[in-house]
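# Structural overview
Spelled out, the chains give:
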Amino acid sequence: MASLLCWSAVAVRAAKVDTVEVHSRKMGRAVRTIVISPEKTEGKGAAVVYLLHGYGGNETTWPSLKPELKDYADRENLIFVCPNGENSWYWDSPENPAYRYETFVTSELVKYTDGNYATIPDRKARAISGLSMGGHGALWSAIRHKDVFGAAGSMSGGVDIRPFPQNWEMNKQLGEFAANKASWDAHTVVNQLDKIVNGDLALIIDCGEADFFLEVNKDLHNRLLARKIDHDFITRPGGHTGTYWNNSIDYHVLFFDKFFKK
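First, a word on what this report is: a plain description of the structure on this page. Here the structure is a predicted model, which is why all the values come from computation and not from measurement.

## Examining the overall build of the protein
- Secondary structure summary: the protein contains eight helices and eight strands in total.
- For 262 residues, the compact-globule estimate of 2.2 N^0.38 gives 18 Å, and the C-alpha radius of gyration of the protein, at 17 Å, lies within 12% of that figure.
- Each of the three principal axes of the protein carries a C-alpha extent, and together these read 60 × 40 × 30 Å.
- Here the protein holds 262 residues, and the buried ones make up 55% of them.
- Sequence separation of 24 or more characterises 74% of the internal contacts of the protein that already satisfy a separation of 6 or more.
- Accessible surface computed for the protein: about 11100 Å², of which carbon and sulfur atoms make up 49%.
- Computed over 30 positive and 32 negative side-chain charges, the separation of the two mean positions in the protein equals 4 Å.

Here you go:
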């Protein structure tokens, strides 16, 4: 698909791609992260888009899936931050103290990025999105930390985990479903919506029509409608695939860029 973003003619640039080790005090270890930043930051600084990978991925997922992120960084004056979230589902796990990825993403990583790059350190210049497990993680992080992020997105997100109790090692983070239903209820995105009202977050949610997460995404859409929370909701042909996400990220970058420029 041709890029949705209309670029003006600019001089050729080369965005910087850094692989860094971000220390997590909460977890007592470093988390490998890739940061893509403009060759030259313009104005007061750059807005930041945090991109979360899916189950089985790592910090290289998004840079590999979408090499054009480097072009977006330069042309739109954006910083992309891609952490290794392991298979954490981006929770502070109630079962495993070694996994505190909600704290890491929403606090420690944001502080590192603002402290080491020419960012605009304000929620109005921060967005977060992700694919699959990362789509869940992005909405989980933004809804629970709307003071940190102004916009959030989900691509093919596992936005309700409860229909999938045996999948993707979630039981390692929450305990077995049958014995821990209350914890599973408390750690699913669709049950976090009471924490926001219309206007708190700019939201974009999309899912492929052939995706196994389609129905939970439609349910999230309907819950947001019932609460009168504005959001963009898109379904397109496609499955739970890299081809779909390579296309989907273009829509999210456009959506976030419009939010940043308001």
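## Considering helix α7 (residues 214-226)
- Its 13 residues place the ends of α7 18 Å apart at the C-alpha level, agreeing with the 18 Å of an ideal helix rising 1.5 Å per residue.
- Every buried residue of α7 is accounted for by Leu214, Val216, Asn217, Leu220, His221 and Leu224.
- Where α7 is buried, its residues touch α4 (133-144), β7 (202-208) and β8 (232-236).
- Positive phi appears at lysine 228, one or two residues downstream of α7, with a value of about 55°.

## So, the nonpolar core
- Ranked by size, the top nonpolar core spans 51 residues in total, and within it Tyr50, Phe104, Ile128, Leu139, Leu203 and Leu220 carry the most contacts.
- Per-element tally for this core: the top contributor is α4, with six residues.
- The next biggest cluster of nonpolar side chains, apart from the first, holds 29 residues, and it includes Val49, Leu51, Cys82 and Tyr244.

## Some details on helix α2 (residues 69-76)
- Among the residues making up α2, those that are buried are Leu69, Tyr72, Ala73, Asp74 and Glu76.
- Looking at the buried residues of α2, the elements they touch are β2 (29-37), β3 (47-52), α1 (61-65), β4 (78-83) and α8 (242-260).
- Among the residues trailing α2, asparagine 77 stands out with phi positive, at a value near 55°.

## With respect to the packing of aromatic side chains
- Taken as a whole and assessed by the stated rule, the structure comprises 13 aromatic pairs.
- Residues phenylalanine 255 and phenylalanine 256 carry aromatic rings whose centres are separated by 6.0 Å and whose planes lie at 70° to one another, so their mutual orientation is edge-to-face.
- Its relative accessible area of 17% is what places phenylalanine 255 among the buried residues.
- Lying over the aromatic face of tyrosine 99, arginine 29 brings its terminal NZ or CZ to 5.8 Å of the ring centre.
- Cation over ring: arginine 236 sits above tyrosine 251, and NZ or CZ is 4.4 Å from the ring centre.

## A word on unusual backbone geometry
- For asparagine 77, which is not a glycine, the phi torsion comes out positive at approximately 55°.
- Within the secondary structure, asparagine 77 sits in the loop between α2 and β4.
- In this model, glutamate 86 sits at a positive phi of 50°, which is unusual for a non-glycine residue.
- Relative to the helices and strands, glutamate 86 is located in the loop between β4 and α3 (101-116).
- Residue classification places glutamate 86 among the partly exposed residues on the basis of a relative accessible area of 24%.

Rules of the game
- Residues numbered from 1 in each chain as written.
- Predicted model: local features only at pLDDT ≥ 70, side-chain atom pairs only at ≥ 80, totals over all residues.
- Heavy atoms only, no water.
- Helix = DSSP H or I, 4+ residues; strand = E, 2+ residues; numbered from the N terminus.
- Rg over C-alpha atoms; globule rule 2.2 N^0.38 Å.
- Buried < 20%, exposed > 50% of the residue type's maximum accessible area, 1.4 Å probe, protein only.
- Contact = heavy atoms within 4.5 Å.
- Areas by Shrake-Rupley, 256 points an atom, 1.4 Å probe, with all protein chains shown as cover.
- Lys, Arg positive; Asp, Glu negative; His and termini not counted.
- Charge placed at Lys NZ, Arg CZ, Asp CG, Glu CD.
- Expected span 1.5 Å × (residues − 1).
- Core = buried A, V, L, I, M, F, W, Y, C linked by side-chain atoms within 4.5 Å.
- Phe/Tyr/Trp six-rings, centres within 6.5 Å; stacked < 30°, edge-to-face > 60°.
- Lys NZ or Arg CZ within 6 Å of the ring centre and 35° of its normal.

Keep in mind that these numbers describe shape and distance, not what the molecule does.
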